[in-house]
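# Fold and contact review
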Amino acid sequence: MSDALVPVKFHVNGRAVDTRVPDDLPLIDFLQEALGLSGTRLCCGIGVCKACTVAARRAPGSQAQPMLACSTPVALLQGQSITTVEGTGSMERPSAVQRAFLEHFAFQCGYCTPGFVMATEMLLARLRAQPVKRAQLDAAIEDAVGQHICRCTGYARYHQAIRAVVLAEKGLVTA
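These remarks concern the structure in this document.

How each quantity is defined
Residues numbered from 1 in each chain as written. Predicted model: local features only at pLDDT ≥ 70, side-chain atom pairs only at ≥ 80, totals over all residues. Heavy atoms only, no water. Pairing = 2+ DSSP bridges. Helix = DSSP H or I, 4+ residues; strand = E, 2+ residues; numbered from the N terminus. Axes fitted to C-alpha atoms, helices over the stretch in contact; angles between N-to-C directions. Contact = heavy atoms within 4.5 Å. Core = buried A, V, L, I, M, F, W, Y, C linked by side-chain atoms within 4.5 Å. Buried < 20%, exposed > 50% of the residue type's maximum accessible area, 1.4 Å probe, protein only. Salt bridge = Lys/Arg side-chain N within 4 Å of Asp/Glu carboxyl O. Parallel < 35°, antiparallel > 145°, perpendicular 65-115°, else oblique. Left-handed = near helix turned anticlockwise from the far one by under 90°.

## Considerations on the sheet that holds strand β2 (residues 15-22)
The mixed open sheet is built from 5 strands, whose spatial order is β2-β1-β5-β3-β4. In this open sheet, the two edge strands, each paired with only one partner strand, are β2 and β4 (65-68). Shown here is a sheet whose adjacent strand axes are inclined to one another by a mean of 40°, direction ignored. Here strand β3 (residues 53-57) pairs with β4 via 4 bridges, running antiparallel. Within the sheet, the bridge partner assigned to valine 54 lies in β4 and is methionine 67. This element, helix α1 (residues 27-34), spans β1 (5-12), β2, β3, β4 and β5 (81-83) of the sheet and lies at about 115° to β2. Its contacts with the sheet place helix α3 (residues 113-129) against β3, β4 and β5, and it is angled at close to 35° to β3.

## Focus on the nonpolar core
Membership of the largest hydrophobic core comes to 30 residues, with the highest contact counts inside it found for Phe101, Phe116, Leu123, Val145, Tyr158, Ile162 and Val166. Listing elements by their share of this core, those giving two or more residues are α2 (96-103), α3, α4 (137-145) and α5 (155-168). At 8 residues, the largest contribution of residues to this core is made by α3. Judged by nonpolar contacts, the second largest core, of 21 residues, contains Val8, Cys52, Val74 and Ile82.

## Some words on the pattern of salt bridges
For the structure shown, the criterion picks out 3 salt bridges. Between aspartate 18 and lysine 9 there is a salt bridge, with the nearest N and O atoms lying 3.9 Å from each other. For aspartate 18, a relative accessible area of 59% translates into the label exposed. Since its relative accessible area comes to 49%, lysine 9 is described here as partly exposed.

## Examining the packing of α2 against α5
For the pair α2 and α5, the least separation of the axes is 9 Å and the interaxial angle reads 135°. Comparing their axes, α5 and α2 come out oblique. Remark: the crossing between α2 and α5 carries right-handed chirality. Contacts between α2 and α5 pair Ala96, Val97, Ala100 and Phe101 from the former with Tyr158, Ala161, Ile162 and Val165 from the latter.

Here's what the structure looks like:
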């Protein structure tokens, strides 16, 4: 870890963060240690598995893009807005995605689930802005989560749950 501290201002789940951090501090460490947000998972540590995926808005009003918290230094987040799995729902009020994953038994150990939740939330946002034809839905789902690794091999159930949540929301899919 570097001794050089850099100032950074950004938002996490709607909360302003104004801090000084080592210039090489990974976002996942900051989320878990400084903010107590333990939902984002560290798995491979090199950005391959996608378990640590969070949503990042680089500018206000922009479409959220996937960001890998294991390999993104906090120092690079100046002015951005980050949403973690904790920002999507709660135990008391799960998001539609979280409910669909539960209803479809889409996970076993749950370690990869936060990354799948975040990728699905961003897929829903993209489809709200630009719906896809029904024939293109499976490809859109694959594009959103196809690179995510589930060590318990829950891929089919994740896909079924994502498909169900997309089809349940009017206007995301056209004929």
